[in-house]
Amino acid sequence: MDGNLLAAIRNAGQEQVLRFYGELSAESQQEFEAQLAQVNWQELPRLAAEYVVKRPETVIPADLAPAEFFPLEPADSAMSELYQRADAKGVELLRAGKVCCLTVAGGQGTRLGFDGPKGTYPIGPATNRTLFGYFAESIARAQEKYGKPILWFLMTSPINREATENFFRAQNFFGLAPEQVFFFTQGTMPAFGTDGKLLLSAKNSLSLSPDGHGGTLLALRRSGALEMMAANGVEYISYFQVDNPLVPVVSPRFIGLHALENSEMSALMLSKTNSKEKLGNFCVSGGKVQIIEYSDLPDELAEKRNPDGSLAFVAGSPAIHVISRQFVEKLTSGGTLMLPWHRADKKIPALDADGNIVTPAEPNGVKLESFIFDALPLAEKVMILEGGRSEVFAPTKNATGVDSAESCRIMISERNARRLSAAGVNIPRNADGSVNAVIELSPRLVFDDADAVELVKATGLRAVLPGETVVL
């Protein structure tokens, strides 16, 4: 083994990872050394001390206040004029090819009872169109509307990279040009035992897990994605996660406001439905925007009310951002990105002292993740815009219940019903106001309300029948 690597491991107090090294073949030793060389051994002692052996505490700043945001509907004529300029600016940037899409797609469909990358999960309420299909067709329609190809960057994980690429090839990239779709892989972090020692998943492998969506920014640099963006004139990144098919893959107003406000990192917010809704809270401290997790915000702040009775901390994060490419370049200029880590106690299968794999019944270790929203305080300027919940947010996290495939399909149908209704189509509704039909509009044809109007004109649709399944 390379002497410098061996010294780094010993200096980090992690010699136990080499306990089976002598039993390995020369080829396995070489593979293991390549993996070990990727670990930041100098940083490990601090991480073990601050996040593993000691459980970190979330400190709530004394000056914590709700972050300001632009409301969904303009508050006055000046704001209305600003929104109109933002709409025009966003369209201008899209037509100039200055915007790309970035999807965080490293997850598997395990919680959905699905074996495969989450993006390959069939979510269409009538057609079983996949999550990837929704995004791809939306991108195809958007670039058609704005007259410029839109590059699409997909961050996969080591466990689903190959399956994701194979799926796109099998689907002929959903009609997109293969060269406009760029796959890259997020980084990994070794898992710790509760004693601060790294765990092994095999005699020649650390127990590794994805380093969280905060790792997206560094992975963009390491993969060459930032260079590709720059070479193609891309200045703005439309960021969203793979489990939300209602997300606007590009939003002219959002992009335009980001540019007009000279923001480095912008965010959509949703008005929380209740004080304990499971969304991170947009807050400000010391003049810097940050997100405080719903579980960390003290009850007295979570329940705090404005004079009109509304929640003071009302802005929740659905993880939808516009990020300036130059901001990412600045944050990752040294080849590293120093975001804080977040601890997750997990049941981690690992080798015991005799080399046998043990699957624990209770949490036995710690995984560390970084979150992209922790880049917000590092930005010189942050812009937050309210989004309409029913228009932009239908998370697919569970098979049934809240934030599920079941609820997502209903929300897709509901948004499509609203679009058809606005275009003059009669929509049947139940006594509670819900749609009494299943309606799926192709994202390839309908990117926005204006597209729905054109589709209705083309089809001559006048009414949807009660209980009908409509696919357009």
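Refer to the structure presented above.
Residues numbered from 1 in each chain as written. Predicted model: local features only at pLDDT ≥ 70, side-chain atom pairs only at ≥ 80, totals over all residues. Heavy atoms only, no water.

Let us look at the overall build of the protein chain. Secondary structure summary: the protein chain contains 14 helices and 22 strands in total. The C-alpha extent of the protein chain, read off along each of the three principal axes, is 75 × 55 × 45 Å. For the protein chain, with 472 residues in total, the buried portion stands at 52%. For the protein chain, long-range pairs separated by at least 24 residues make up 74% of all intrachain contacts whose partners lie at least 6 apart in sequence. In the form shown here, the protein chain has an accessible surface area of approximately 21,100 Å², with 49% of it arising from carbon and sulfur atoms. When the 45 basic and 56 acidic side-chain charges of the protein chain are each reduced to a single mean position, those positions are 2 Å apart. (Helix = DSSP H or I, 4+ residues; strand = E, 2+ residues; numbered from the N terminus. Buried < 20%, exposed > 50% of the residue type's maximum accessible area, 1.4 Å probe, protein only. Contact = heavy atoms within 4.5 Å. Areas by Shrake-Rupley, 256 points an atom, 1.4 Å probe, with all protein chains shown as cover. Lys, Arg positive; Asp, Glu negative; His and termini not counted. Charge placed at Lys NZ, Arg CZ, Asp CG, Glu CD.)

What follows concerns the packing of aromatic side chains. Throughout the structure, instances matching the rule amount to 16 aromatic pairs. On the numbers, 6.4 Å between centres and 85 degrees between planes, the contact of tyrosine 146 with phenylalanine 447 is edge-to-face. Of the two residues, tyrosine 146 is situated in helix 5 (residues 131-146) and phenylalanine 447 in the loop between strand 21 (438-440) and helix 14 (449-459); the sequence distance between them amounts to 301 residues. We note that tyrosine 146, like phenylalanine 447, is buried. Ring geometry for tryptophan 152 versus phenylalanine 168: centroids 5.5 Å apart, planes at 65 degrees, classification edge-to-face. (Phe/Tyr/Trp six-rings, centres within 6.5 Å; stacked < 30°, edge-to-face > 60°.)

Burial along strand 15 (residues 321-324) is two-sided: His321 and Ile323 and Val322 and Ser324, pointing in opposite directions, are all buried. Where strand 10 (residues 236-241) meets strand 15, four bridges bridge the pair, whose relative direction is antiparallel. Paired with tyrosine 239 across the two strands is histidine 321, which belongs to strand 15. (Pairing = 2+ DSSP bridges.)

What follows concerns empty space enclosed by the protein. Under the criterion given, the structure shown has one cavity of 30 Å³ or more. Every residue along the wall of the largest cavity is listed here: Ser238, Pro248, Val250, Ser251, Phe254, Ile255, Ile320, His321 and Val322. Contributions of two or more residues to the lining of the largest cavity are made by helix 9 (252-260) and strand 15. Grouping the constituent residues of the lining of the largest cavity by class yields six nonpolar, three polar and no charged. (1 Å grid on protein atoms, 1.4 Å probe; cavity = no way out; pocket = protein on both sides within 12 Å on 5 of 7 lines; lining within 4 Å. Points joined across faces, edges and corners; volume = space filled by probe spheres on them. Nonpolar A, V, L, I, M, F, W, Y, C, P; charged D, E, K, R; others polar.)

With that settled, the discussion passes to the nonpolar core. Phe132, Trp152, Phe168 and Val250 are the most contacted members of the largest nonpolar core, which totals 58 residues. Residue contacts for phenylalanine 168: discarding those within four places in its chain leaves Phe132, Trp152, Leu154, Phe173, Phe174, Val181 and Phe183. (Core = buried A, V, L, I, M, F, W, Y, C linked by side-chain atoms within 4.5 Å.)

Located in the positive-phi region is phenylalanine 173, a residue other than glycine, with phi close to 55 degrees. Tracing the backbone shows phenylalanine 173 in the loop between helix 6 (161-170) and strand 4 (181-185). Unusually for a residue other than glycine, aspartate 403 sits at a positive phi of about 50 degrees. Here aspartate 403 shows up in the loop between helix 12 (389-392) and helix 13 (405-422). Assessed through its relative accessible area of 31%, aspartate 403 is described here as partly exposed.

Moving on, we come to the pairing of strand 20 (residues 382-386). Consecutive residues of a regular strand have side chains that alternate between opposite faces of the sheet. In terms of burial, strand 20 is largely enclosed, as five of its five residues are buried. Burial along strand 20 is two-sided: the residues Val382, Ile384 and Glu386 and Met383 and Leu385 are all buried. Sheet analysis places strand 11 (residues 265-271) next to strand 20, joined by five bridges and oriented parallel. What sits directly across from leucine 268, in strand 20, is leucine 385.

This paragraph deals with the pattern of salt bridges. Close approach of charged atoms allows side chains of opposite charge to pair. All told, the structure shown has 30 salt bridges when counted by the stated rule. Notably, a salt bridge pairs arginine 161 with glutamate 165, separated by 2.5 Å at the nearest N-O pair. Of the two residues, arginine 161 and glutamate 165 both sit in helix 6, four residues apart, roughly one turn of that helix. Residue classification places arginine 161 among the partly exposed positions, given a relative accessible area of 26%. Overlapping salt bridges bring together Arg141, Glu144, Lys145, Arg444, Asp448 and Asp451 as one network. (Salt bridge = Lys/Arg side-chain N within 4 Å of Asp/Glu carboxyl O.)

Attention now goes to the sheet that holds strand 6 (residues 192-193). The antiparallel open sheet is built from three strands, whose spatial order is 6-19-16. Strand pairing shows two members of the sheet lacking a second neighbour, strand 6 and strand 16 (342-346), which therefore form its edges. Inspection of the sheet shows strand 6 paired to strand 19 (residues 365-369) by two bridges, in the antiparallel sense. Note that in strand 19 the partner of phenylalanine 192 across the bridge is valine 366.

The set of residues buried in helix 2 (residues 26-36) consists of Ser28, Gln29, Phe32, Glu33, Gln35 and Leu36. Summarising the axial view, the buried residues of helix 2 lie within an arc of 160 degrees, below the 170-degree limit, and thus occupy one face. For helix 2, the exposed residues lying more than 90 degrees away from the buried face are Ala26, Glu27 and Gln30. Taken together, the buried residues of helix 2 touch helix 1 (3-11), strand 7 (200-202), strand 8 (205-206) and strand 9 (208-210). (Arc of directions from axis to C-beta.)

A separate point is the packing of helix 4 (residues 77-95) against helix 9. For the pair helix 4 and helix 9, the least separation of the axes is 7 Å and the interaxial angle reads 100 degrees. If you check the angle between helix 4 and helix 9, you find them roughly perpendicular. For the pair formed by helix 4 and helix 9, the contact residues are Leu82, Tyr83, Arg85, Ala86, Asp87, Lys89, Gly90, Val91, Leu93 and Leu94 on the first element and Pro252, Arg253, Ile255, Gly256, Leu257, Ala259 and Leu260 on the second. When the residues that make up the contact of helix 4 with helix 9 are grouped by side-chain class, the tally is 11 nonpolar, two polar and four charged. (Axes fitted to C-alpha atoms, helices over the stretch in contact; angles between N-to-C directions. Parallel < 35°, antiparallel > 145°, perpendicular 65-115°, else oblique.)

Next up on the list: helix 9. Structural remark: α-helix, 3.6 residues per turn; residues separated by three or four positions point the same way. Taken across its nine residues, helix 9 has seven buried, putting it largely inside the fold. Looking at the residues trailing helix 9, positive phi occurs at asparagine 262, about 55 degrees.

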